[in-house]
Amino acid sequence: MNLTPDQPLSPSSETPTLSSGGQPEEELVMSEVHLGCPPYFSGPHLSRFTVSLPPEVEPMDSEYAGGVEDETTSTKEVSLDEDGDLVITRRCSESLLTPGYGSYVIDLGRCEKNNYVVTIQHKITSSIPSVGLQVWRAELILADFVLHKMVTSSEFDGIVAIELGAGTGLVGILLARVAKTVFLTDHGEEVLDNCADNVRLNSGIIHSEASAHVRELDWKDSWPTKVVENSQAQERYAWTSVEVEELQKASLIIAADVIYSDDLTDAFFKTLERLMKLRPEKVAYLALEKRYNFTLDDLNVVANGYSHFRSYLRDEGECNDLKSRSLPCFVGKRIDLADIPQYMREYDRGNDVEIWQIKYEKQKP
């Protein structure tokens, strides 16, 4: 967590102020993640996130990613220190940073070969409907998880993947280093524009043969999603029939910090079911942060949004025991974060962030 002077220590809702007409203005929220931002700045802002990989592994460690590797000198092992953090080589010196338009440009050729930088444009505060303009801790911990998979296996090499609620696009951009195709999806032109800007900002770290598409996907809309063949400027985030066909081949679904209201959680699982019905068999990884509120109904501090999310999940045994179930079953397994090193250096994980693996069992006839 990188906090600038005079800013609060935790995500908060700012007190609404009155407009000139005496009406309350829209409530704003602020993420803990605002790396290098001046005090009281409201964005948009460019933050540089350093990815530090193990010294033994090249940044793109796969045949698909174009890496040529000698099996006698390369290893998939990850070294941790006594606190469980990744043991890394020295990061790029600040002396390698040169002023650029609106931010800094880093000379990747002069950095340690196992480190690279992701530049993300984001806002420091936003209205609740536009929280996809911000970077959240769950997004960063999901990035760690994806990077760990990329370092320790070839599971994501050459796959088709979709990110739901992609927001700034950070995780999907990292995944595009080894995946064949990544669909970064969200809702709302401002969020999609910002995500597309980030894809362009980081085109240098995306694999040259990979495709990263920013596309509109409203979870509350009908399915299949709207298709256009000749996308106009006002529909530049619309899907083509070819893309929808490729989407059906997706084997991976990722999402971060999309659980914060019950109706949105319902729409998320409805969308998840639509996607996971398609072949081949899919797996989803969802990162979230438990958020607690005091409620008069409970007379206690509770995480009701998290409880609603958990109500959708069963363990594998429960699904098998429901012999006569007429509804589909989502099998959930929480990932042990102690097994996931921290590759993204500029944040503090905290104690309330989780990653869940979700699989889908169809309803029985």
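Everything here concerns the structure above.
Now for a look at the structure at hand. (Residues numbered from 1 in each chain as written. Predicted model: local features only at pLDDT ≥ 70, side-chain atom pairs only at ≥ 80, totals over all residues. Heavy atoms only, no water.)

Here we look at the overall build of the protein
Now for step 1: From N to C terminus, the protein includes 7 helices and 17 strands.
Now for step 2: Looking at the protein as a whole, 48% of its 365 residues are labelled buried. (Helix = DSSP H or I, 4+ residues; strand = E, 2+ residues; numbered from the N terminus. Buried < 20%, exposed > 50% of the residue type's maximum accessible area, 1.4 Å probe, protein only.)

Quick notes on the pairing of strand β9 (residues 181–186)
Now for step 1: Burial analysis of β9 places 6 of its 6 residues in the buried class, which makes it a mostly covered element.
Now for step 2: The side-chain alternation of β9 yields two buried faces, one formed by T181, F183 and T185 and the other by V182, L184 and D186.
Now for step 3: Sheet topology note: the strand β8 (residues 160–164)/β9 ladder contains 4 bridges and is parallel. Opposite A161, over in β9, you have V182 as the bridge partner.
Now for step 4: Pairing geometry for β9 and strand β10 (residues 211–216), over 6 bridges, is parallel. Paired with T181 across the bridge in β10 is S211.
Now for step 5: Crossover β9 to β10 through helix α3 (residues 189–201) is right-handed. (Pairing = 2+ DSSP bridges. Right-handed = clockwise from strand over helix to strand, strands pointing away.)

Details of the packing of aromatic side chains
Now for step 1: Within this structure, the stated rule accounts for 10 aromatic pairs.
Now for step 2: Centroid distance F145 to Y285: 4.6 Å. Interplanar angle 50 degrees. Geometry classified as tilted. Placement of F145 in helix α1 (residues 137–152) and of Y285 in strand β12 (residues 283–289) is noted, with a sequence separation of 140 residues between them.
Now for step 3: Overall, Y285 belongs to the buried group, its relative accessible area being 4%. (Phe/Tyr/Trp six-rings, centres within 6.5 Å; stacked < 30°, edge-to-face > 60°.)

As for the side chain of D257
Now for step 1: As for its position among the elements, D257 is in the loop between β11 (252–256) and α5 (262–276).
Now for step 2: Not counting the four nearest positions on each side in its chain, D257 is found in contact with W136, A138, A287, L288 and R291. (Contact = heavy atoms within 4.5 Å.)

Side note on the environment of A161
Now for step 1: Residue placement: A161 occurs in strand β8.
Now for step 2: Classification of A161 by relative accessible area gives buried; the value is 0%.
Now for step 3: Placed 121 residues apart in sequence, A161 and K282 show a C-alpha to C-alpha distance of 9.5 Å.
Now for step 4: Apart from residues lying up to four places away in sequence, A161 is in contact with L175, T181, V182, F183, A250 and L252.

Some thoughts on the sheet that holds strand β17 (residues 353–361)
Now for step 1: Overall, mixed pairing links the 8 strands, which are arranged β10-β9-β8-β11-β12-β17-β16-β15 in an open sheet. Strands with a single pairing partner mark the edges of an open sheet, and in this sheet they are β10 and β15 (313–314).
Now for step 2: Strands β11, β12 and β17 of the sheet are contacted by α1, whose axis makes an angle of about 145 degrees with β12.
Now for step 3: Relative to the sheet, α3 contacts β9 and β10, its axis offset from that of β10 by approximately 170 degrees. (Axes fitted to C-alpha atoms, helices over the stretch in contact; angles between N-to-C directions.)

Notes on the nonpolar core
Now for step 1: Ranked by internal contacts, the top residues of the largest apolar core, which has 55 residues, are L174, L175, L252 and M344.
Now for step 2: Ranked by the residues each element gives to this core, the list is headed by α1, at 10 residues.
Now for step 3: In this structure M344 touches F49, T50, V51, L140, A143, D144, L147, L170 and L174, once residues within four positions along its chain are discounted.
Now for step 4: Counting residues in hydrophobic clusters, the runner-up holds 31 residues, among them V160, A250, M276 and W356. (Core = buried A, V, L, I, M, F, W, Y, C linked by side-chain atoms within 4.5 Å.)

Focus on α5
Now for step 1: Spanning 15 residues, α5 covers 21 Å between terminal C-alpha atoms, matching the ideal 21 Å at 1.5 Å per step.
Now for step 2: Inspection of α5 places L264, T265, A267, F268, F269, T271, L272, R274, L275 and M276 among the buried residues, and these make up the whole buried set. (Expected span 1.5 Å × (residues − 1).)

A closer look at α1
Now for step 1: Compared with the 22 Å implied by 1.5 Å per residue over 16 residues, the 23 Å span of α1 between its first and last C-alpha is a close match.
Now for step 2: When you tally the buried positions in α1, you get 15 out of 16 residues, the bulk of the element.

Overview of the environment of I120
Now for step 1: Within the secondary structure, I120 sits in strand β6 (residues 115–122).
Now for step 2: Under the relative-accessibility criterion, I120 is labelled buried at 0%.

Quick notes on the environment of I340
Now for step 1: Locating I340 in the fold gives a position in the loop between β16 (329–334) and β17.
Now for step 2: Looking at I340, the relative accessible area reads 6%, which means it is buried.
Now for step 3: Considering only alpha carbons, one finds I340 and D144, 196 residues apart in sequence, at a separation of 6.9 Å.
Now for step 4: For I340, the residues in contact, after removing those within four places along its chain, are D144, F145, H148, I335 and R349.

Quick notes on the pattern of salt bridges
Now for step 1: Considering all chains together, one arrives at 11 salt bridges under this definition.
Now for step 2: When the shortest N-O distance is used, the salt bridge between E289 and R137 registers 2.5 Å. With a gap of 152 residues between them, E289 in strand β12 and R137 in helix α1 connect regions that are remote in the sequence.
Now for step 3: Measuring nitrogen to oxygen at the nearest pair gives 3.5 Å for the salt bridge that ties D263 to K220. Taken as a pair, D263 in helix α5 and K220 in the loop between β10 and α4 (241–247) lie far apart in primary sequence, 43 residues in all.
Now for step 4: Judged by relative accessible area, which is 55%, K220 ranks as exposed. (Salt bridge = Lys/Arg side-chain N within 4 Å of Asp/Glu carboxyl O.)

These results come straight from atomic positions and should not be treated as a statement about function.
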